[in-house]
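Letter by letter, the chains look like this.
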Amino acid sequence: MRMLLKLPALAALLCVAGTVAAQPLVPPCPSLTADCLLSEAAALAGAVARSGPRDEIHFSVATALAALGRLDDAVAMADQIADPYTRAEAFGEIAAAAARAGAFDRAYAIALTIVDARSRSARVAALQAVAVAQGRAGQIDAAFDTVVAIDNPYRRSEAQAAIATAVAQAGDMPAAFRAASRIATKYWFTSDQHELKIASGLVSRSGDFDQFWFFEAMGGIAQIQARNGDVAGALKTAKSIPDMAGRSRAAARIASAQARAGDIDGALATASRVETAFGDLEAMVAIAEAKAHAGDIAGALGLARDIFAAYGDAGGMVAVAVQQARQGDVGGALTTVASIEALDARTRALAGMAVALVGAGRADTALEVVALIHDPRERSEVIHRIAVTLAGDGAPERALDIAARFAERRDHDDLVVAIALAQAAAADAEGAMTTALHLHDDMYRAIAMAGIAPFVR
């Protein structure tokens, strides 16, 4: 097939002269310790004139302190944040860290201090994070008590569903079903609340929302059962959902799990159980991807074309192209991408190909693929992912070179911070600090040092 994807700027993009790297600063900490890094980061906050950058440093130091288990210090640092939304997010991160450490009472108390009226608020997210950690630890009653503090009934029920799926992830399926049943009995429309909730404007028709999160919890449990190899149990769970749409979503999720486990015939059989129009799209895309992963590229492409013809969705073509690239057939992958008409789907395919190629050790080819992405923001995001992957895989010099050559000027320092943190996460804290010292902007350098701190305790 004739190659349709051509970008006149390809050569120019790949031949951009690298930015001259600034000389690193003198290391501020003779011995690399968390205390020194956090002290230096906090000192830099005091040297920053504008409140926005100063808040970002305080946020990074507060979350690092929370990750180190120093909750009192974390709270004190978050108290210095001026912007109310940044402050709320910081306290949400601290509460979540406390919950992960098992300090549930403290986590709950911190979450309750958050003042945030947004529907997707840090307060709601923090309370849900605490409840999920409690549920995973087997403290299910306490988890349901925690989410009572969520005022919005829809978000509260969403959090209850998250509790049920967390219990299932922990392996206690009977307890997960009992948790899900509590959503069903304490959801939207109790006898004394029906009119109030309708009048509040939260819903317009009870049939659209009644029991929604119960159905979602059951679908999530079914998906976990399927991932754990209990497909028969998963299908039984899905069948028990007394709502056609919820039952169909569960079946699609089970089929997707089967496909990703390599059971293509089983996935097709489960997908046939989907009762709603277009409800099997997710499953069919997963099956196309599984066929490609198994080496049946022709069958995968045939199914992907059928999906597009039936649903107008190019997700199958995207998945096949990424699998072709992962298997080393870049030319075939680009031919598949060339057949995708929608620009956003084509961009997703190219981005997925680039990430797959860098994961396979073909960074140069990945960069050639990135050059075919027309949207500069999308291109920048993929460059970010490539550089971070290389840093985590032990090639920080290459990652920094890519950042210097290809990152947009406004994104460069942010990417260098991400490279440093990837190094730290890969147990190279000293290398991460060396990378951070190339950052001459006080805010970014402080954020990097704070992020490295939890890895050097």
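Remember, it's a predicted structure, so these values are computed and weren't measured experimentally.

Enquirer: Run through the overall build of the protein, naming residues and quoting values.
Expert: When helices and strands are counted, the protein shows 27 helices and 0 strands. The buried share of the protein, reckoned over its 457 residues, is 51%. When contacts within the protein are restricted to residue pairs at least 6 apart in sequence, long-range pairs at least 24 apart make up 57% of them. For the protein, the exposed surface amounts to about 21100 Å²; the carbon and sulfur share of it is 53%.

Enquirer: Break down the nonpolar core for me, with residues and values.
Expert: Of all hydrophobic cores here, the largest spans 97 residues; its most connected members are Leu-37, Leu-38, Val-61, Ile-94 and Ile-452. With residues up to four places along the chain from it excluded, the contact list for Val-61 reads Leu-38, Ala-41, Ala-42, Met-77 and Ala-450.

Enquirer: Lay out the state of the cysteines in plain terms, naming residues and giving numbers.
Expert: Enumeration according to the criterion identifies 1 disulfide in this entry. With its sulfur 2.0 Å from that of its partner, Cys-29 forms a disulfide with Cys-36. Classification of the bridge connecting Cys-29 and Cys-36 rests on its S-S torsion, roughly -100°, and on that basis the disulfide is left-handed. Here the two residues Cys-29 and Cys-36 agree in accessibility, since each one is buried.

Enquirer: Talk me through the packing of aromatic side chains; I want residue IDs and the actual numbers.
Expert: For any pair of aromatic rings, the description consists of the separation of the ring centres together with the inter-plane angle of the planes. As enumerated under the stated definition, the model contains 4 aromatic pairs in all. Taking 5.8 Å as the distance between ring centres and 50° as the angle between the ring planes, the aromatic pair formed by Phe-214 and Phe-215 counts as tilted. Phe-214 sits in the buried class, given a relative accessible area of 15%. Here Phe-215 falls in the buried class, since its relative accessible area comes to 8%. Between Phe-278 and Tyr-311 the ring centres are 5.3 Å apart and the planes differ by 70°, which places this aromatic pair in the edge-to-face class. Placement of Phe-278 in the loop between helix H16 (264-271) and helix H17 (281-293) and of Tyr-311 in helix H18 (residues 297-311) is noted, with a sequence separation of 33 residues between them. Taken together through their ring pairs, the aromatic side chains of Tyr-154, Phe-212 and Trp-213 make up a single cluster. Geometry around Phe-144 places Arg-182 over its ring, the cationic atom sitting 4.1 Å from the centre.

Enquirer: Explain a negative patch on the surface to me, and be specific about the residues and the numbers.
Expert: Together, Asp-344, Asp-375, Glu-378 and Glu-381 give the surface a local cluster of negative charge. Here Glu-378 lies in helix H23 (residues 376-392).

Enquirer: Residue-level account of the side chain of Asp-55, with values.
Expert: Among the secondary structure elements, Asp-55 is positioned in helix H3 (residues 51-67). In this structure Asp-55 is buried but unpaired, with Arg-54 as the nearest side chain of opposite charge at 5.5 Å. Among the polar contacts listed, one links the side chain of Asp-55 to the backbone nitrogen of Ala-82, at a separation of 2.9 Å. Those residues in contact with Asp-55 that sit more than four places away from it in its chain are Gln-80, Ile-81, Ala-82, Asp-83 and Thr-86.

Enquirer: Tell me about the packing of H23 against helix H24 (residues 396-406), and please be specific about residues and values.
Expert: As a packed pair, H23 and H24 sit with axes 7 Å apart at the nearest point and diverge in direction by 160°. Classified by the angle their axes make, H23 and H24 are roughly antiparallel. Relative to H24, H23 is oriented so that their crossing is left-handed. For the pair H23 and H24, contact is made by Ile-383, Ile-386, Ala-387, Leu-390 and Ala-391 and by Pro-396, Arg-398, Ala-399, Ile-402 and Phe-406, respectively.

Enquirer: With reference to specific residues and values, describe unusual backbone geometry.
Expert: For Phe-278, which is not glycine, the phi dihedral falls at a positive 65°. Unusually for a residue other than glycine, Ala-427 sits at a positive phi of about 70°. Examined against the element boundaries, Ala-427 turns out to sit in the loop between helix H25 (409-425) and helix H26 (429-436).

Enquirer: Describe the packing of H17 against H18, naming the residues involved and giving the relevant values.
Expert: The interhelical angle for the contact between H17 and H18, taken along N-to-C directions, is 160°, at an axis separation of 7 Å. With respect to H18, the element H17 is oriented roughly antiparallel. Between H17 and H18 the crossing geometry is left-handed. Contact residues: Leu-281, Met-284, Val-285, Ile-287, Ala-288, Lys-291 and Ala-292 in H17; Ile-297, Gly-299, Ala-300, Leu-303, Ile-307 and Tyr-311 in H18. When grouped by side-chain class, the residues that make up the contact of H17 with H18 number 11 nonpolar, 1 polar and 1 charged.

Enquirer: Can you explain the pattern of salt bridges? Please cite residues and give values.
Expert: In this structure the tally under the stated criterion is 13 salt bridges. For Asp-72, the salt bridge goes to Arg-106, with nearest N and O atoms at 3.0 Å. A residue pair is termed long-range when its members are at least 10 positions apart, and Asp-72 in helix H4 (residues 71-78) and Arg-106 in helix H6 (residues 104-112) qualify at 34 residues. Classification of Asp-72 as exposed rests on a relative accessible area of 55%. Put simply, Asp-35, Arg-70 and Asp-73 are held in one network by salt bridges that share partners.

Enquirer: Describe the side chain of Ser-60, with residues and values.
Expert: Along the chain, the position of Ser-60 falls in helix H3. Note on Ser-60: relative accessible area 13%, which makes it buried.

Enquirer: Mind laying out the environment of Asp-265, listing which residues take part and the relevant values?
Expert: One can find Asp-265 in helix H16. Its relative accessible area of 62% is what places Asp-265 among the exposed residues.

Enquirer: Go over the environment of Pro-84, please, and point to the residues and values.
Expert: Within the secondary structure, Pro-84 is located in helix H5 (residues 84-100). Of the residues examined, Pro-84 reaches a relative accessible area of 51% and is grouped as exposed. With 31 residues separating them along the chain, Pro-84 and Val-115 place their C-alpha atoms 8.1 Å apart.

Enquirer: Before we move on, could you go through the confidence of the model for the protein and cite the residues and values that matter?
Expert: Atom-level detail of predicted coordinates should not be read off regions where pLDDT is low. Mean pLDDT over the protein stands at 89; residues scoring 70 or higher make up 88%. A low-confidence stretch, residues 1-21 (pLDDT under 50), is modelled with 27 contacts involving residues beyond four sequence positions or located in other chains. In this model, residues 188-209 is a region of pLDDT below 50 whose contacts with residues beyond four sequence positions or in other chains number 25 contacts.

Cut-offs and rules
- Residues numbered from 1 in each chain as written.
- Predicted model: local features only at pLDDT ≥ 70, side-chain atom pairs only at ≥ 80, totals over all residues.
- Heavy atoms only, no water.
- Helix = DSSP H or I, 4+ residues; strand = E, 2+ residues; numbered from the N terminus.
- Buried < 20%, exposed > 50% of the residue type's maximum accessible area, 1.4 Å probe, protein only.
- Contact = heavy atoms within 4.5 Å.
- Areas by Shrake-Rupley, 256 points an atom, 1.4 Å probe, with all protein chains shown as cover.
- Core = buried A, V, L, I, M, F, W, Y, C linked by side-chain atoms within 4.5 Å.
- Disulfide = S-S within 2.5 Å.
- Phe/Tyr/Trp six-rings, centres within 6.5 Å; stacked < 30°, edge-to-face > 60°.
- Lys NZ or Arg CZ within 6 Å of the ring centre and 35° of its normal.
- Patch = residues over 30% accessible without salt bridge, like charges linked within 9 Å, V, L, I, M, F, W, Y side chains within 5 Å.
- Salt bridge = Lys/Arg side-chain N within 4 Å of Asp/Glu carboxyl O.
- Lys, Arg positive; Asp, Glu negative; His and termini not counted.
- Charge placed at Lys NZ, Arg CZ, Asp CG, Glu CD.
- Polar contact = N/O pair within 3.5 Å; in protein donor to acceptor, adjacent residues only side chain to side chain.
- Axes fitted to C-alpha atoms, helices over the stretch in contact; angles between N-to-C directions.
- Parallel < 35°, antiparallel > 145°, perpendicular 65-115°, else oblique.
- Left-handed = near helix turned anticlockwise from the far one by under 90°.
- Nonpolar A, V, L, I, M, F, W, Y, C, P; charged D, E, K, R; others polar.
- pLDDT = per-residue confidence, 0-100.

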